[in-house]
Amino acid sequence: MLMCKDLAVIASDYIDGELPVLENMSVKMHLMMCKDCRTFIGNLRASTDMLNAHSSGQADEELIRKIDERVALALKEGSQDPTNQDPD
Amino acid sequence: MTDSALQKEQALIEGLKARNDQSYQEAVRTYTSGMLAVARFYLDHSSSEEIVQDCWVTVIDAIQKFEGRSGLKTWLHRIVANRCKNRLRSARREVSTDFSEALEPELADRFNAKGRWDLPPKLQFHDSADTLMENGALSDCLDKHLSALPETQRSALMLYEAHQHKSDDVCNILDVSASNLRVLLHRARQKIFLMVENFQETGEC
């Protein structure tokens with residue numbers, strides 16, 4: 001029988017739908033009977049959602065100012081950046 | 001893109017090639033947010049800002065070879081992505097995740113010998129993710145913990161979400177097997193879960 005700890009081990013696979021059918025069924029059975037694991041799975045899922053809500057990038061003024069300074073300096077120096085890479 | 005937008009972009013590119021200060025200022029303001037968003041798929045906040053700054057310095061020379069096969073924005077995003085991937089490749093050698101251990105020790109300790117919860121999660125994260133992230137302190141705390149994750153765990157987590165759960169793409173970028181990706185993802189998620197739980201219970205990061 002699937003124990004709580006076993007479920008914690010495969011929790012991400014369950015959330016992402018990566019479990020084989022039988023294992024997926026035993027997780028579902030366990031969750032029907034176990035409130036603690038339902039809370040755990042719900043919270044683990046919420047943590048991931050939170051990360052998505054968090055990760056959008058927005059440049060702030062401080063960063064723009066730093067870039068302006070570095071670019072101005074590099075332009076003045078006739079920069080030959082040694083780490084220059086052709087992106088293509 | 002409309003004709004006038006194309007002309008505007010072409011004029012901007014000419015200005016960049018001519019090393020014109022004002023063109024750089026305009027381009028930095030137009031494209032930096034997008035570049036930062038690309039970097040955040042791969043890296044934590046402060047490393048992303050660092051990479052984007054470095055990219056702009058790179059652009060000064062690289063723009064001379066820009067032939068306009070893609071738009072300026074796409075070209076800039078590709079520079080950022082390549083830099084991030086290089087950073088990850090070099091970091092990967094430093095990071096060691098124990099792939100045989102799927103549970104974080106801190107979580108594993110919360111089960112008894114029979115495998116039942118000794119210390120179950122007490123609170124449910126009721127609020128929606130967006131509501132929770134409006135809490136500035138929690139958002140800062142998440143940043144701090146993301147920065148503290150081993151680089152491959154963090155990138156696995158961010159890339160997996162950013163690439164809409166396409167494991168093959170993420171495995172290619174990180175050069176890890178599918179099963180190791182699953183471990184990286186799960187370990188990273190547990191750390192974030194433990195952090196949010198601690199924050200909700202104590203209000204401290």
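All values derive from a computational prediction rather than experimental measurement.

(A) Spatial organisation of the overall build of chain B. Assigned secondary structure in chain B consists of ten helices and zero strands. For chain B, the N- to C-terminal ordering of α and β elements is α-α-α-α-α-α-α-α-α-α. For chain B, whose C-alpha radius of gyration is 21 Å, the value lies well above the compact-globule estimate of 17 Å for 205 residues. With the C-alpha coordinates of chain B rotated into their principal frame, the extents come out at 70 × 35 × 30 Å. Out of the 205 residues belonging to chain B, those deemed buried represent 49%. Relative to all contacts within chain B whose residues are 6 or more apart in sequence, the contacts with residues 24 or more apart total 67%. Split by element, the accessible area of chain B, about 10,000 Å² in all, is 46% carbon and sulfur. With 26 positive and 31 negative side-chain charges, chain B shows a spacing of 5 Å between the two charge centroids.

(B) Region of the structure containing the interface of chain B and chain A. The interface is formed by 66 residues belonging to chain B together with 51 residues belonging to chain A. Between chain B and chain A we count five salt bridges in total. Every element with two or more residues in the side of chain B that touches chain A is listed here: helix 2 (21-42), helix 3 (45-62), helix 4 (72-92), helix 5 (105-108), helix 6 (129-133), helix 7 (136-148), helix 8 (151-162) and helix 10 (178-202) of chain B. Split into classes, the residues belonging to the side of chain B that touches chain A amount to 34 nonpolar, 14 polar and 18 charged.

(C) Just the layout of surface pockets, in detail. All names here are of chain B. Taken as a whole, the largest pocket holds about 150 Å³ of empty space. Lining the largest pocket are Met1, Leu6, Glu9, Gln10, Ile13, Lys17, Phe66, Glu67, Gly68, Ser70 and Gly71. Here the lining of the largest pocket is composed, by residue class, of four nonpolar, four polar and three charged.

(D) Seen up close, the environment of A:Val71. You can see A:Val71 is positioned in helix 5 (residues 61-77). Classification of A:Val71 by relative accessible area gives buried; the value is 3%. With 56 residues separating them along the chain, A:Val71 and A:Ile15 place their C-alpha atoms 45 Å apart. In this structure, A:Val71 is in contact with B:Tyr24, B:Trp56 and B:Ile60, ignoring residues within four places of it in sequence.

(E) Spotlight on the state of the cysteines. All names here are of chain B. Under the definition given, this model contains one disulfide over all chains. In this model, Cys141 is linked to Cys205 through a disulfide, with the two sulfur atoms separated by 2.2 Å. Every disulfide takes its handedness from the sign of the S-S torsion; for Cys141 and Cys205 that torsion is 90°, giving right-handed. Of this pair, Cys141 sits in helix 7 while Cys205 sits in the segment after helix 10, placing them 64 residues apart in sequence. We classify Cys205 as partly exposed; its relative accessible area is 42%. Not engaged in a disulfide, the cysteine Cys55 finds its nearest cysteine sulfur in Cys84; these two sulfurs lie 7.0 Å apart. Judged by its relative accessible area of 0%, Cys84 falls in the buried class.

(F) Highlighting the packing of aromatic side chains. Applying the stated criterion across every chain, the model contains four aromatic pairs over all chains. With a centroid separation of 5.0 Å and an interplanar angle of 85°, the aromatic rings of A:Phe40 and B:Phe193 are classed as edge-to-face. Residue A:Phe40 is found in helix 4 (residues 35-54), and its partner B:Phe193 is found in helix 10; the two belong to separate chains. With a relative accessible area of 0%, A:Phe40 lands in the buried category. Site record: aromatic cluster; members linked through ring pairs are A:Phe40, B:Phe111, B:Trp117 and B:Phe193.

(G) Quick look at the side chain of A:Ser47. Summarising the element assignment, A:Ser47 is placed in helix 4. Contact partners of A:Ser47, with chain neighbours within four places excluded, come to B:Phe125, B:Ile192, B:Phe193 and B:Val196.

(H) Quick peek at the nonpolar core. All names here are of chain B. Tyr42, Trp56, Ile63, Leu72 and Trp75 are the most contacted members of the largest nonpolar core, which totals 88 residues. With ten residues, the single largest contributor to this core is helix 10. Two domains share this core, each providing at least three of its residues, namely domain 1 (3-92) and domain 2 (105-202). Once residues lying within four places of it in the same chain are set aside, the contact partners of Leu72 are Glu9, Leu12, Ile13, Leu16, Tyr31, Ile63 and Phe66.

(I) Seen up close, the pattern of salt bridges. Under the defined criterion, the tally for this structure stands at 13 salt bridges over all chains. Note that B:Lys191 is salt-bridged to B:Glu104, the shortest N-O span being 3.5 Å. Pair noted here: B:Lys191 is in helix 10 and B:Glu104 is in the loop between helix 4 and helix 5, with a separation of 87 residues, a long-range link. With a relative accessible area of 26%, B:Lys191 lands in the partly exposed category. Given the relative accessible area of 7%, B:Glu104 is considered buried. Bridged by salt links that share partners, the residues A:Asp13, A:Asp16, B:Arg182 and B:Arg189 form one connected network.

Rules and cut-offs
Residues numbered from 1 in each chain as written. Chains lettered and ligands numbered in written order. Predicted model: local features only at pLDDT ≥ 70, side-chain atom pairs only at ≥ 80, totals over all residues. Heavy atoms only, no water. Helix = DSSP H or I, 4+ residues; strand = E, 2+ residues; numbered from the N terminus. Rg over C-alpha atoms; globule rule 2.2 N^0.38 Å. Buried < 20%, exposed > 50% of the residue type's maximum accessible area, 1.4 Å probe, protein only. Contact = heavy atoms within 4.5 Å. Areas by Shrake-Rupley, 256 points an atom, 1.4 Å probe, with all protein chains shown as cover. Lys, Arg positive; Asp, Glu negative; His and termini not counted. Charge placed at Lys NZ, Arg CZ, Asp CG, Glu CD. Salt bridge = Lys/Arg side-chain N within 4 Å of Asp/Glu carboxyl O. Nonpolar A, V, L, I, M, F, W, Y, C, P; charged D, E, K, R; others polar. 1 Å grid on protein atoms, 1.4 Å probe; cavity = no way out; pocket = protein on both sides within 12 Å on 5 of 7 lines; lining within 4 Å. Points joined across faces, edges and corners; volume = space filled by probe spheres on them. Disulfide = S-S within 2.5 Å. Phe/Tyr/Trp six-rings, centres within 6.5 Å; stacked < 30°, edge-to-face > 60°. Core = buried A, V, L, I, M, F, W, Y, C linked by side-chain atoms within 4.5 Å. Domains from an automatic or database assignment.

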